[in-house]
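# Structure at a glance
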Amino acid sequence: MKLRDTLHLSLSSVVSYRTRSLLIVLAMALGVAAVVVLTALGDGARRYVVGKFSSIGTNLIIVLPGRAETAGGFPGAVLAQTPRDLTLEDARFVGQLSQVKRYAPLNVGVVELAAASRLREVTVLGSTADLLPIRHMNLAQGSFLAQGAEYSAQIILGATLAQEFFPHGNVVGQRVRLGDRRFLVSGVLAVQGESMGFNSDELVIIPIDHAQALFNTASLFRILVEARSRSDIVSAKEAIRDTLKRRHDGEDDVTVITQDAVLATFDRILRALTLGVAGIAAISLAVAGILVMNVMLVAVSQRTSEIGLLKAIGAPSADIRLLFFAEALWLSLAGAVLGFVLGQFGSLLIRLVYPQLPAWPPVWASIAGVTIAFVTGILASLLPAARAAQLDPVKALAGR
Amino acid sequence: MIHLTAITRVFRMGDQDVRALSGINLEIASGEYVSIMGPSGSGKTTLLNVLGLLDRPNSGRYELDGRDVTDLSETEQACVRREKIGFVFQSFHLVPRLTAAENIELPLILAGIAPTERKARVDEALLGFDLRDRAQHRPAELSGGQRQRVAIARATILRPTALLADEPTGNLDHHIGAEVMALLEGLHHAGTTLILVTHDRELGARAHRHIAMRDGEIVADEK
Ligand SMILES: Nc1ncnc2c1ncn2[C@@H]1O[C@H](COP(=O)(O)OP(=O)(O)OP(=O)(O)O)[C@@H](O)[C@H]1O
Ligand SMILES: [Mg+2]
């Protein structure tokens, strides 16, 4: 029997047992689709988080006082101790390193903002003009504290605050009170929304000196540094640590976090998660495989007399085995293809419903899903095919 | 052409042995027309199965066209079966989901014959068995006589040397049965060895050699 004829004959029986075939194909397809959609979700979440991280800055290095116990922790992770403060002077030295493109010292606090007979507590960032490009923030109106004019009492309002305090527009040039000090509004941030726990729409930015005076401190909360390029990040990190060690009497008492390290951690976690859900989905494919086996076994017993006849007209066992095997192949193929299409469609649907989630199924997942469908389908057909091939033709013809 | 020596076939039923064939010696020459008759359970079908290499005897020797086929492997037996033997069954045994033409084509597919030649030979058979306007019908849409004609066309499409028919008219009424018998006898006239198992004395009498069986033995063999 020629391969072509085997494929054709088996296809014709797959087609003629329509309900049975549809059920198997559906079971397989759902398994494959589950793998594709779940990995698309997992990978989408990964990309989402990675994207969010990138949005807070490119080639970002964060310097914080104190030595964190663990490397690659989060900003604000529990610190062992804070032996020596970070100062503006420290920041200036860091800014002079050749690998550093720009830097922004940072202080953070919560203070009462009052204007136009309104009052509320706001998060205050004290920094310099370079904070905006480093953190990828934009101004909707006005200007940041003009370079060199950082010591004048100017303030930038987040978009929501600006709207809240000055609903009739005309924000720039207005006077506000922050704590016990007066500020002149010099600009309004563009709407950016929440990012990494900071809602930039609800904060205000003031010059670092004013912030330190307001918070009554001489030390910095952070130094944000942007390396010249991605390849400079590692050497910049080293140089920052060395510089600060020298300035701190040889004491290695700062923590330098690169965004890369944080990103890599998230990346690893979310990749593992994606693999996990893919694995769970793959189990449903194994279940589909068992269904295939069961249905094929039933098919063999239903078609006993047909098998007997094929033997009577001269089909060797190998041909019978191949015929049933080829049927499973067709079913797996149809299931895999349909599952792939369903999976792509499902992912598309997710992307449409949650546009911010880039739920693209990874190529490896699609390949793995389709492959697993094939392998389980084929494995599941081995036993039924062998059983068909082994049937005694006399008994089979008698329908026994 | 067929030479059986001391063929015995024993079935085990629980703790009991059923001797379906016990020490059968039989010689059938090429081109003969033989009828096998006997009461139910006398071993006629079992004998036909052994002759058609569907069943292996427990002991004895089977020579077909001068070749010992008793101990051939399963695959070799399938090959011999395909080339030399045609089976016709009482219950037709057509594949229900295939059309008449496709049923007839099956042995050609198994033999690995190319599609164009297959089509030519199937068309020829459809014509020869007066089934041309039934080619695309499935078995369920055919009458009993038509089904048996399809089955005979299938059994003879590879031009076997021996045609083994087990009560081919058993499921047909008298008139249709006679038509089917005429077809089979036509094939015999064309040179095919015809071995016919039947309960019908009238039909059995038309053969040129009459074998009677009882309890797994040949009790009479007359020309
Ligand atoms: N597969 C089997 N297992 C057990 N016993 C069997 C088997 N096939 C046949 N037999 C027994 O062998 C004996 C001969 O059976 P066989 O079918 O050859 O008879 P038969 O002459 O064809 O009968 P009938 O005219 O009813 O078709 C019977 O007793 C039957 O019960
Ligand atoms: Mg019988």
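See the structure above.
Here's what I pulled together on the structure shown here.

Calculation rules
Here the residue index of a chain counts from 1 through its sequence in written order. Lettering for chains starts from A, numbering for ligands starts from 1, and both go in the order in which the items are written. Residues qualify for local features only when their pLDDT is at least 70, as the model is predicted, and side-chain atom pairs are given and counted only at 80 or more; totals for whole chains, interfaces and linings, by contrast, use all residues. Where side-chain values are given, they derive from all heavy atoms of the structure, hydrogens and water being excluded. By convention in these notes, a residue is near a molecule or strand provided one of its non-hydrogen atoms lies within 4 Å of it. Any pair of N or O atoms that falls within 3.5 Å is considered a polar contact. Within protein, one atom must be able to donate a hydrogen and the other to accept it, and sequence-neighbouring residues count only if both atoms are side-chain atoms. Where accessible areas are quoted, they stem from the Shrake-Rupley method and a 1.4 Å probe; at the residue level, only the protein chains shown are allowed to cover. Numbering goes from the N terminus for both helices and strands, where a helix is a DSSP run of H or I of at least four residues and a strand is a run of E of at least two. Classification used: nonpolar for Ala, Val, Leu, Ile, Met, Phe, Trp, Tyr, Cys and Pro, charged for Asp, Glu, Lys and Arg, polar for all others including Gly. Each residue is placed in one exposure class: buried if its accessible area under a 1.4 Å probe, protein chains only, is under 20% of its type's maximum, exposed if it is over 50%, and partly exposed if it falls in between. Whether two strands pair depends on DSSP finding at least two bridges between them. Each axis is a line fitted through C-alpha atoms, and for a helix only the stretch in contact is used; angles between axes span 0 to 180 degrees, taken between their N-to-C directions. In this analysis, two residues are considered to be in contact whenever any of their non-hydrogen atoms come within 4.5 Å of each other. Roughly parallel here means an angle under 35 degrees, roughly antiparallel means over 145, roughly perpendicular means 65 to 115, and every remaining angle is called oblique. By the definition used in this description, the sense in which the near helix is turned from the far one sets the handedness, with an anticlockwise turn below a right angle giving left-handed and a clockwise turn giving right-handed. Definition used for salt bridges: Asp or Glu carboxyl oxygen within 4 Å of a side-chain nitrogen of Lys or Arg. Helix span is expected to be 1.5 Å times the residue number reduced by one.

What follows is about the site of ligand 1. Neighbouring residues of ligand 1: 14 residues in total, closest B:S40, B:G41, B:K44, B:T45 and B:T46. Two or more chains meet at ligand 1, and those chains are chains A and B. Contacts to ligand 1 include B:S40, whose side-chain N or O atom sits 2.4 Å from an oxygen atom. Between B:S42 and ligand 1, the recorded distance is 3.3 Å, taken from a backbone N or O atom to an oxygen atom. In isolation ligand 1 has 630 Å² of accessible area, and contact with the protein removes 73% of it. Taken together, the elements giving at least two residues each to the shell around ligand 1 come down to β1 (2–13), β2 (16–28) and α1 (44–51) of chain B. Considering each element in turn, the shell around ligand 1 owes the most residues, three residues, to α1(B). Residue classes in the shell around ligand 1 are distributed as five nonpolar, seven polar and two charged.

What follows is about the pairing of strand β6 (residues 85–88) of chain B. Strand residues, when the strand is regular, have side chains that alternate between the two faces of the sheet. All names here are of chain B. Across the two faces of β6 the burial is the same, with I85 and F87 and G86 and V88 all buried. Bridge count between β6 and strand β7 (residues 162–166): four bridges; the pairing is parallel. For F87, the partnering residue across the bridge sits in β7 and is L164.

Backbone hydrogen bonds hold the strands of a sheet together, and the pairing may be parallel or antiparallel. Residue and element names in this part refer to chain B. Pairing is mixed in the open sheet, where six strands are placed in the order β6-β7-β8-β3-β9-β10. This sheet does not close on itself; its edge strands, each paired only once, are β6 and β10 (217–222). Strand-to-strand twist of the sheet, defined as the mean angle between neighbouring strand axes without regard to direction, takes the value 20°. Here helix α6 (residues 174–189) sits on the sheet and contacts β3 (33–37), β7 and β8 (193–197); the angle it forms with β8, its principal contact strand, is near 150°.

Now for the sheet that holds β2(B). Residues and elements named next belong to chain B. The sheet built from four strands is open, its strands ordered β2-β1-β4-β5 with antiparallel pairing. Single-partner strands in this sheet number two, and they are β2 and β5 (67–68). Taken together, the nine bridges between β1 and β2 define a ladder with antiparallel strand orientation. Along β2, the bridge assignment pairs R9 with L21.

Let us look at the packing of helix α3 (residues 100–110) of chain B against helix α5 (residues 144–156) of chain B. Residue and element names in this part refer to chain B. The contact between α3 and α5 brings their axes to 7 Å, and the two run at 25°. With respect to α5, the axis of α3 lies roughly parallel. The crossing of α3 and α5 is right-handed. Mapping the contact onto sequence places A100, N103, I104 and P107 in α3 and V150, A153 and R154 in α5.

What follows concerns the pattern of salt bridges. Per the counting criterion, the structure on display carries 29 salt bridges over all chains. A:R102 is paired through a salt bridge with A:E226; the nearest N and O atoms lie 3.2 Å apart. Taken together, the residues span a long stretch of sequence, with A:R102 in strand β2 (residues 100–115) and A:E226 in strand β11 (residues 222–227) at a distance of 124 residues. With relative accessibility at 6%, the residue A:E226 sits in the buried group. Overlapping salt bridges, with partners in common, bring together A:R20, A:R303, A:E306, A:E327 and B:R97 in one network.

Its 13 residues place the ends of α5(B) 18 Å apart at the C-alpha level, agreeing with the 18 Å of an ideal helix rising 1.5 Å per residue. With eleven of 13 residues buried, α5(B) is to be regarded as a mostly interior element. Turning to α5(B), its buried residues number three or more, namely B:G145, B:Q146, B:Q148, B:R149, B:V150, B:A151, B:I152, B:A153, B:R154, B:A155 and B:T156. The inward-facing, buried residues of α5(B) contact α9 (304–312) of chain A together with β6, α3, α4 (115–128), β7 and α6 of chain B.

Purely geometric numbers; function is a separate question.
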